Amino acid sequence: TPEFAMTYSTNGKGGVSRAFHHWARQYKMNRGERLHDILLNSWEGVYFKVNQKGMDEMMEAFSAMGGELFVMDDGWFGNKYPRNGGNSSLGDWEVCKEKLPEGIEGLLASARKHHIKFGIWIEPEMSNTKSELFEKHPDWILKIDNRPLSTGRGKTQVVLDLTNPKVQDFVFSVVDNILTANPEVAFFKWDCNSPITNIYSPYLKNKQGQLYIDHVRGIYNVLERIKDKYPNVPMMLCSGGGARCDYEALKYFTEFWCSDNTDPIERLFIQWGFSQIFPSKAMSAHVTSWNKKTSVKFRTDVASMCKLGFDLGLKELNADEQTFCQNAVANWTRLKKVILDGDQYRLVSPYDGNHMSVMYTAPDKNKAVLYTYDIHPRYAEKLLPVKLQGLDPSKRYKVKEINLMPNKKSNLGANEKTYSGDYLMKIGINAFTTNQAFSRVIELTAE
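What comes next concerns the included structure. Since the model is a prediction, treat every value here as computed from it, not as a measurement.

Observations regarding the environment of Gln210
Next up, step 1: Within the secondary structure layout, Gln210 lies in the loop between β6 (188-190) and α7 (211-229).
Next up, step 2: The class for Gln210 is partly exposed, based on a relative accessible area of 36%.
Next up, step 3: Between the C-alpha atom of Gln210 and that of Thr163, which follows or precedes it by 47 residues, the distance is 9.1 Å.

Structure follows, in structure tokens:
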């Protein structure tokens, strides 16, 4: 049976969450003490149109913004079947010579030139029926004889049979070959875009009742080998973690991708829900092009309450937006110890009204970061103060709104003023507005 974890708190659900968060960072997450790098993922910037020049330009732009890690997403592999869409090439994990004639080394050279780390996307548990792997090893996939093959993404995606030790060796080799040839690769985004389909293992033969358990054990065998050989290489578990957003998976991955739904309004609810059990450090949240009715500031403020990243073409940002992002990256980098390792307090639930607020407090209570979000306020609704939590009532805190757009001044009444922790927790501050999709990030510093 799975491990069962439980805790108890006299401080409500928030106390239970903070207990889980502390336990996770200390005992359950892969390198839970690590402070993550801010990354730019190439997917929404170029999709499958990967090439050396485009990757170099994205690295240069993100480095100038203060970014620390660039991740090349899907579209970089396959030679007999170049990966130009979701219907081919999974399993053929060799650099596409047509797109990247200088190989991964050429990309690493660009990363060194721009003083940024380089990471890469893989989906090693899968294959396409249009691939060299499928042609050579049709017995390596889950399939039911004498029945039509059920396929996923691109109408050709199938799942490899991880009960088979040969397949486990192959999946391990995807990571091992890349790192053996290119030890400077600093990050993997491990995708899982299909559930288990075609519920039959050619390897197990007359033991099909063991398929689900042995398949998962096969995945963990691979991950254990990767962790043993490459303990310092962080990996993101992507696409909702392949339905693996659990603490067993976080033994091997440094973070997970909550959902491919990156609409910032939806993300507020998603991140609120995940935070009941998982710490902010486990949740990757990216600024994307979804829901352009919301501002870049709002999208960034939503993502910055978790492990901040970007996934959009930076060229689509105007000058003010680029300046804002540069400042927001600097603020998050400066405060990420509080955001990722601090105590989280969920103050105002989006499920209870038209607003949301969360905050993080450093263990010594000398620094805190408050996030407030106006989602869909009602016209002329009565706005209530946000009462903070987790501060030292005897200390005095200076309140400062950060993450402001260029040439915009804060209209927060409490901005640049000092209050006791007791006042902020009992009376609070008026931070909400009646604006649609409006956000604030507020830094509190003990004096």
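Next comes the rest of the account.
Some remarks on the sheet that holds strand β15 (residues 418-420)
Next up, step 1: Read from one edge of the open sheet, 6 strands run β11-β12-β13-β16-β14-β15, paired in antiparallel fashion. The sheet is open, and its two edges are formed by β11 (343-348) and β15, each paired on a single side. Neighbour-to-neighbour, the strand axes of this sheet turn through a mean angle of 25°, independent of strand direction.
Next up, step 2: Packing of helix α10 (residues 319-341) onto the sheet brings it into contact with β11, β12 (355-361), β13 (367-374), β14 (396-402) and β16 (438-446), and relative to β13 it is tilted by some 95°.

Focus on the environment of Asn407
Next up, step 1: Tracing the backbone through its elements, the reader meets Asn407 in the loop between β14 and β15.
Next up, step 2: For the pair Asn407 and Gln326, spaced 81 residues apart in sequence, the C-alpha to C-alpha distance is 14 Å.

Points about the packing of helix α9 (residues 296-303) against α10
Next up, step 1: Look at α9 against α10: their axes get within 10 Å of each other, and the N-to-C directions meet at 20°. One finds that α9 runs roughly parallel with respect to α10. In this structure, α9 meets α10 at a crossing whose hand is right-handed. Seen from α9, the contacting residues are Val296, Lys297, Thr300 and Asp301; seen from α10, they are Glu321, Phe324, Cys325 and Ala328.
Next up, step 2: Counted by class, the contact of α9 with α10 contains 4 nonpolar, 1 polar and 3 charged residues.

Overview of unusual backbone geometry
Most peptide bonds are trans, and most residues other than glycine sit at a negative phi.
Next up, step 1: The backbone phi angle of Asn291 is positive, close to 55°, even though this residue is not glycine.
Next up, step 2: Note on placement: Asn291 falls in the loop between β9 (283-287) and α9.
Next up, step 3: Not every positive phi belongs to a glycine, and Glu416 is a case in point at roughly 65°.
Next up, step 4: Here Glu416 is to be found in the loop between β14 and β15.
Next up, step 5: Here Glu416 falls in the partly exposed class, since its relative accessible area comes to 41%.

Looking at the side chain of Arg25
Next up, step 1: Positionally, Arg25 belongs in helix α1 (residues 12-28).
Next up, step 2: Those residues within four positions of Arg25 in sequence are excluded, and the remaining contacts are Gly32, Glu33, Pro279, Lys281, Leu340, Asp341 and Gly342.

A look at the packing of aromatic side chains
Next up, step 1: Tallied over the entire structure, the rule returns 23 aromatic pairs.
Next up, step 2: With 5.9 Å between their ring centres and 70° between their planes, Phe20 and Trp23 make a pair best called edge-to-face. Taken as a pair, Phe20 and Trp23 lie in helix α1 at a separation of 3 residues, close to a single helical turn.
Next up, step 3: Under the relative-accessibility criterion, Phe20 is labelled buried at 12%.
Next up, step 4: Here Trp23 falls in the partly exposed class, since its relative accessible area comes to 26%.
Next up, step 5: Members of the aromatic cluster, joined through ring pairs, are Phe20, Trp23, Tyr247, Phe256, Phe274 and Phe278.
Next up, step 6: A cation over an aromatic ring shows up here: Arg225 above the ring of Phe172, its NZ or CZ 4.1 Å from the ring centre.

Points about the pairing of β16
Next up, step 1: Of all 9 residues that make up β16, 7 are buried, and the element is covered over most of its length.
Next up, step 2: Two strands pair when backbone bridges link them, and β13 and β16 are joined in this way by 8 bridges, in the antiparallel orientation. Residue Ala368 lies in a different strand from β16, and its bridge partner there is Leu444.
Next up, step 3: Two elements, β14 and β16, share 6 bridges in a ladder whose sense is antiparallel. Following the sheet pairing, Tyr397 is matched in β16 by Ala446.

Quick word on the sheet that holds strand β7 (residues 235-237)
Next up, step 1: Strand order in this closed barrel of 8 strands is β1-β2-β3-β6-β7-β8-β9-β10, and the pairing throughout is parallel. Direction aside, neighbouring strands of the sheet carry axes that sit 30° apart on average.
Next up, step 2: Pairing of β9 with strand β10 (residues 307-310) involves 4 bridges; the strand directions are parallel. Residue pairing in the sheet places Val287 in a bridge with Phe310 of β10.
Next up, step 3: Of the strands in this sheet, β2 (69-72) and β3 (117-122) are in contact with helix α4 (residues 103-113), which crosses β3 at around 145°.

Overview of the side chain of Ser357
Next up, step 1: Assignment of secondary structure puts Ser357 in strand β12.
Next up, step 2: A distance of 2.9 Å separates a polar side-chain atom of Ser357 from the backbone oxygen of Tyr371.

A look at the pattern of salt bridges
Next up, step 1: Tallied over the entire structure, the rule returns 30 salt bridges.
Next up, step 2: The residue Glu255 makes a salt bridge to Lys307 at a minimum N-O spacing of 2.9 Å. With a gap of 52 residues between them, Glu255 in strand β8 (residues 255-257) and Lys307 in strand β10 connect regions that are remote in the sequence.
Next up, step 3: For Glu255, a relative accessible area of 0% translates into the label buried.

About the cut-offs
- Residues numbered from 1 in each chain as written.
- Predicted model: local features only at pLDDT ≥ 70, side-chain atom pairs only at ≥ 80, totals over all residues.
- Heavy atoms only, no water.
- Helix = DSSP H or I, 4+ residues; strand = E, 2+ residues; numbered from the N terminus.
- Buried < 20%, exposed > 50% of the residue type's maximum accessible area, 1.4 Å probe, protein only.
- Pairing = 2+ DSSP bridges.
- Axes fitted to C-alpha atoms, helices over the stretch in contact; angles between N-to-C directions.
- Contact = heavy atoms within 4.5 Å.
- Parallel < 35°, antiparallel > 145°, perpendicular 65-115°, else oblique.
- Left-handed = near helix turned anticlockwise from the far one by under 90°.
- Nonpolar A, V, L, I, M, F, W, Y, C, P; charged D, E, K, R; others polar.
- Phe/Tyr/Trp six-rings, centres within 6.5 Å; stacked < 30°, edge-to-face > 60°.
- Lys NZ or Arg CZ within 6 Å of the ring centre and 35° of its normal.
- Polar contact = N/O pair within 3.5 Å; in protein donor to acceptor, adjacent residues only side chain to side chain.
- Salt bridge = Lys/Arg side-chain N within 4 Å of Asp/Glu carboxyl O.

Honestly, that's just the spatial picture; any functional story needs more than this.
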